Amino acid sequence: MSSHSRKLKFKAETRKVLDIVINSLYSHPDIFLRELISNSSDALDKLRFEMLTSPDLGSDRKPRIDILPDKDNRTLIVRDNGIGMTGDEMAKELGTIASSGTRGFLEEMGELNAEKTPELIGQFGVGFYSTFMVADKVEVLSRRTGSDEPGQKWTSTGHDTFTLIEEDDIPEGTSVILHLKDDMDEYLENFKLRELVRKYSDFISYPVYLKSDDESDWEKEPVNTQKPIWIRSEDDVSDKEYNEFYRHLSFDPQEPISKLVFHAEGTTEFYSLLFIPSMRTMEMLMPDYKTGLRLFIKKVMIEEEAEELLPRYLRFIKGVVESSDLPLNISRETLQENRTIRTIRKALTGKVLGWFREILDNDIDKYHKFFTNFGDLIKEGIYSDVQNREELADLLLVWTSRSGDEQKSLKKLVEELPEGTDRLYYITGTDRKELASSPYLESVGKSDTEVLLFDSPVDEFMLQNLGEYRGKKLVSLLKEVNEEDLSDAEKAEKKNAEETFAGLLEYIKDQLGDRVEDVRFAPRLKESPCILVSDRNDPGEMFRQMMKSMNQELPNAKKILELNPVHPVIETLQNLYEKDRSGDKLKDYVNILFDLGTVMAGGRPENPADFGKKVTSLLS
Ligand code: ADP
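Residues numbered from 1 in each chain as written. Predicted model: local features only at pLDDT ≥ 70, side-chain atom pairs only at ≥ 80, totals over all residues. Heavy atoms only, no water.

Caption draft 1: Main features of a negative patch on the surface. A grouping of Asp363, Asp365, Asp405 and Glu406 is seen on the molecular surface, where their side chains present a negatively charged patch. Relative to the assigned elements, Asp365 resides in helix α11 (residues 364-384). Given the relative accessible area of 58%, Asp365 is considered exposed. (Patch = residues over 30% accessible without salt bridge, like charges linked within 9 Å, V, L, I, M, F, W, Y side chains within 5 Å. Areas by Shrake-Rupley, 256 points an atom, 1.4 Å probe, with all protein chains shown as cover. Salt bridge = Lys/Arg side-chain N within 4 Å of Asp/Glu carboxyl O. Lys, Arg positive; Asp, Glu negative; His and termini not counted. Charge placed at Lys NZ, Arg CZ, Asp CG, Glu CD. Helix = DSSP H or I, 4+ residues; strand = E, 2+ residues; numbered from the N terminus. Buried < 20%, exposed > 50% of the residue type's maximum accessible area, 1.4 Å probe, protein only.)

Caption draft 2: Spotlight on the pairing of strand β4 (residues 135-143). Here eight bridges tie β4 to strand β7 (residues 173-180), and the two strands are oriented antiparallel to one another. By the bridge assignment for β7, Arg143 is matched with Gly173. One ladder, built from five bridges, connects β4 with strand β5 (residues 151-156); its direction is antiparallel. Opposite Val138, over in β5, you have Ser156 as the bridge partner. (Pairing = 2+ DSSP bridges.)

Caption draft 3: Up close: the side chain of Ser258. You can see Ser258 is positioned in strand β9 (residues 258-264). Classification of Ser258 as buried rests on a relative accessible area of 12%. There is a polar contact of 3.0 Å between the side chain of Ser258 and the side chain of Trp355. Once you skip the residues sitting within four places of it in the chain, Ser258 turns out to touch Leu274, Phe275, Ile276, Trp355 and Ile359. (Polar contact = N/O pair within 3.5 Å; in protein donor to acceptor, adjacent residues only side chain to side chain. Contact = heavy atoms within 4.5 Å.)

Caption draft 4: Up close: unusual backbone geometry. Residues other than glycine seldom take positive phi values, yet Asp169 does so here, at roughly 65°. With respect to the helices and strands, the residue Asp169 is situated in the loop between β6 (161-167) and β7. You will see that Gln226, though not glycine, has its phi angle at about 75°, which is positive. Here Gln226 lies in the loop between β8 (208-210) and α7 (239-250). In this structure Gln226 comes out as partly exposed when scored by relative accessible area, which is 24%.

Caption draft 5: Structural detail: the domain arrangement of the protein chain. By the assigned domains, the protein chain splits into domain 1 (2-210), domain 2 (234-358), domain 3 (396-477) and domain 4 (483-619). Of note, the centres of domain 2 and domain 3, computed from C-alpha atoms alone, are 34 Å apart. (Domains from an automatic or database assignment.)

Pasting the structure below:
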């Protein structure tokens, strides 16, 4: 008997989960088995990894997971020879909630009503605690592999407390003994157990053996396929199996948006299985979000979150990469410098971008879902991944002055542009609805020019880096036109206007004085006589607002007044200038013009009362 016995209380969070599980309607009791097998598989992964660095552990262990139904005692045992736990680890791991899956479950529970509970347990599994759906008492016998400490037995009925007691003769690894509830006899039947392993745990890469309930002998063959799911041919694996594996990997209760199976051959060989999660979580957008793919080398899980396998902006992708071309003794620190890793990363990135493009080309609805969730990260890629910039830009969905309620593919939009179009106009802001009715759209002729509308803070950063797309210059309507962006015809038109209206232009500049930075002819204007724009180096309104939110005010830059050289208003001003350039009328008109430019830019006239008076007198 033990010299060492402890009675401990569950942590409050754990209590809550246990209450929910015990009182739920048992609509998904089956899932307890998948949770136990999943834990065993993780424990075997950890042991394999430790064997690399601790020669004392030996190398002749045969990893396995056993399922032992016992009809006489009405117990079901799930056992593994994995890493095992010390007494303290059992107290901690089985008494508190550590896993993101279980925590996620509690978070969801907070928002939902009790009717949803059984559904959620089915989705999340809630790990080890789901055993209390089928058992009224659970014992865990465990001993840390390679440790001198004796094994311990953890016992609980799922109520307030659990006990820990030292016991002799506990083998290395872990056995979970379920004392089944009265109505749970089906979990003693081999056909049922076999069905559950095949359904939920076939991807587990360790053999799962089943002890026959009638012959009290072991079945000869493992129940599961064992070949890692990422190595199996796509044709041999059902969607259901892929989805189960995704769940095991990500704790995401929803199905993934898409999966990619990719086997690279050649100088560097690797297998990969990747998923796009069902949706983005807030954490994914944080720059310090811990992420990465699971990295296996020669069947050993080396890293749970190997960040080096994909660029940072693809941090939302979940999945596995296995390569035999890497040394087993690679450390976290040396992963980054490793050439093979860099080769894999490059190949994988190209493949992933191709995968996105394929969804865009073949399943636009799915792509919309993808882009709504992860579009901001694609944009992040555009400013951080110079090499793939153009390809990433191909993946953009954009709002435009004509897009209505659905974003358009930028690539498609550009392909359908009228011949000879060399510019893409855009405006930026914070509210898409406001942008869609912005007066700036009029400036280039709303009816014949489709203008891109950018309303997300990452858009500004992206646009600063993008500059042009597929040979089309990206030109902001809110900013002055670059001289080099003008076509030859436009340059000529501008020069001609500057000569014809030289005197008038000087006069206007004089009149407006330091209210403007400059006054210029801008041949891009179509419908409006004039518009106020920003200097091209102006960081933009969104940036200004962002800085303001961080308590840093940027000075408001002076604006540039652009005039439409072919607008009749200019003609009228020119006539006045020729006839009576010292009269009040011309002066008034110029002031009205400036106020009009302000209004066209969505602003307020400097002195609304005065503006009103002048316009009224003009009308009468
Ligand atoms: P999760 O597996 O999602 O982290 P669980 O509640 O299922 O959450 O398990 C809690 C922890 O208990 C695991 O993270 C692991 O550290 C430990 N554990 C559970 N089962 C085993 C096992 N068979 N062998 C070793 N450790 C285990």
